[in-house]
Amino acid sequence: NLYNYYDTKESLYESLVRRYDAEMAQLQHAALAPLVGAIDPESLGRLAATVKKIVYDNPDYWRLMYVDVTEFGNKHFAHIFRHLARNLNAVGGMAAQRHNGIRAGIDQPLAYAAIYLQFFTYFLVEKLFGGKHHLGVPDEEAIQQMIRIFLEGAQAHGSQS
């Protein structure tokens, strides 16, 4: 009976994606706008908690993304990741213009998108792939270590490459 309403499997899928896409865009904008651009331990901790909530509260949306990758070559979700740094910067508006101690020569929107994606990937692996502390430590410790690596780097001071 579904094919009375949808010509193909892809048209049914596109209908689901459209429904979730609008909802998710609104949710992400509202949740992320106050956080974007702030690069300090507390703000990044709040970003991680927000990303976790978005991932954990909407697993079906993220599952649709993986279906898109396997079935349709990421035709319907690629737009989310194109120009991510610029788009996150736009979500944050003027807040993203704060430089909060970022070294000269470092592109702040790119840096922020990198840590956002790290949190996003971490929680997708935990939620959708059953990672269960896949980095070998509890979530809180993993997030704190990621923030520390992001802010301080992983290389010991004075080390030579």
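Source: prediction; values computed, not measured. (Residues numbered from 1 in each chain as written. Predicted model: local features only at pLDDT ≥ 70, side-chain atom pairs only at ≥ 80, totals over all residues. Heavy atoms only, no water.)

Overview of helix α2 (residues 9-32)
Short version of the rule: In this description a helix means any DSSP run of H or I spanning at least four residues, a strand means any run of E spanning at least two, and both kinds are numbered starting from the N terminus. How far a helix is expected to stretch is found by multiplying one less than its residue total by 1.5 Å. Classification of residues uses two cut-offs on accessible area relative to the type maximum, computed with a 1.4 Å probe and protein chains only: under 20% is buried, over 50% is exposed, and between them is partly exposed. In protein, a polar contact requires one atom able to donate a hydrogen and another able to accept it; more generally it is a pair of N or O atoms within 3.5 Å, and residues adjacent in sequence count only if both atoms are side-chain atoms.
For α2, with 24 residues, the first-to-last C-alpha span of 33 Å sits near the 34 Å given by 1.5 Å per residue. Along α2, the residues classified as buried are S11, Y13, V17, Y20, D21, M24, Q28 and L32. For α2, the capping residue at the N-terminal end is T8, with a side-chain oxygen 3.3 Å from the backbone nitrogen of E10.

What to know about unusual backbone geometry
With a phi angle near 60°, H83 is a residue other than glycine that sits in the positive phi range. Phi at K132 takes a positive value of approximately 40°, unusual for a residue other than glycine. Along the chain, K132 falls in the loop between α7 (108-128) and α8 (139-152). For K132, a relative accessible area of 65% puts it in the exposed group.

A short note on the packing of α2 against helix α4 (residues 59-72)
Rule in force here: Axis angles are defined between N-to-C directions and span 0 to 180 degrees, where every axis is a line fitted to C-alpha atoms and, for a helix, only to the segment in contact. Roughly parallel covers angles under 35 degrees, roughly antiparallel covers those over 145, roughly perpendicular covers 65 to 115, and oblique covers all other angles. We call a crossing left-handed when the near helix sits turned anticlockwise from the far one by less than a right angle, and right-handed when that turn is clockwise. Any two residues having at least one pair of non-hydrogen atoms within 4.5 Å are treated as being in contact.
Following both chains from N to C, one finds α2 and α4 inclined at 140°, their axes separated by 10 Å at the closest point. With respect to their mutual orientation, α2 and α4 come out oblique. The element α2 and its partner α4 pack so that their crossing is left-handed. On α4, the residues that touch K9, E10, Y13, L16, Y20, D21, M24 and Q28 of α2 are D60, Y61, W62, L64, M65, V67, D68, E71 and F72.

A short note on the packing of aromatic side chains
Inclusion rule: To pair, rings of Phe, Tyr and Trp, with the six-membered ring standing in for Trp, must have centres within 6.5 Å; the planes then decide the type, stacked if under 30 degrees apart, edge-to-face if over 60, and tilted in the middle. Whether a charge sits over a ring comes down to the Lys NZ or Arg CZ being within 6 Å of the ring centre and within 35 degrees of the ring normal.
Using the criterion set out here, one finds 10 aromatic pairs in the structure. Aromatic side chains W62 and F120 sit 4.8 Å apart centroid to centroid with 80° between the ring planes, which places their arrangement in the edge-to-face category. Taken together, the residues span a long stretch of sequence, with W62 in helix α4 and F120 in helix α7 at a distance of 58 residues. Considered together, W62 and F120 belong to a single accessibility category, that of buried residues. Aromatic pair Y66 and F129: ring centres 5.2 Å apart, planes at 85°, arrangement edge-to-face. Here Y66 is found in helix α4, whereas its partner F129 is found in the loop between α7 and α8, with 63 residues between them in sequence. Grouped by ring-pair contacts, the aromatic residues Y20, Y61, W62, F77, F81, Y116 and F120 constitute a single cluster. The aromatic ring of Y20 is capped on one face by R19, whose charged end is 4.7 Å from the ring centroid. Geometry around Y56 places K52 over its ring, the cationic atom sitting 5.4 Å from the centre.

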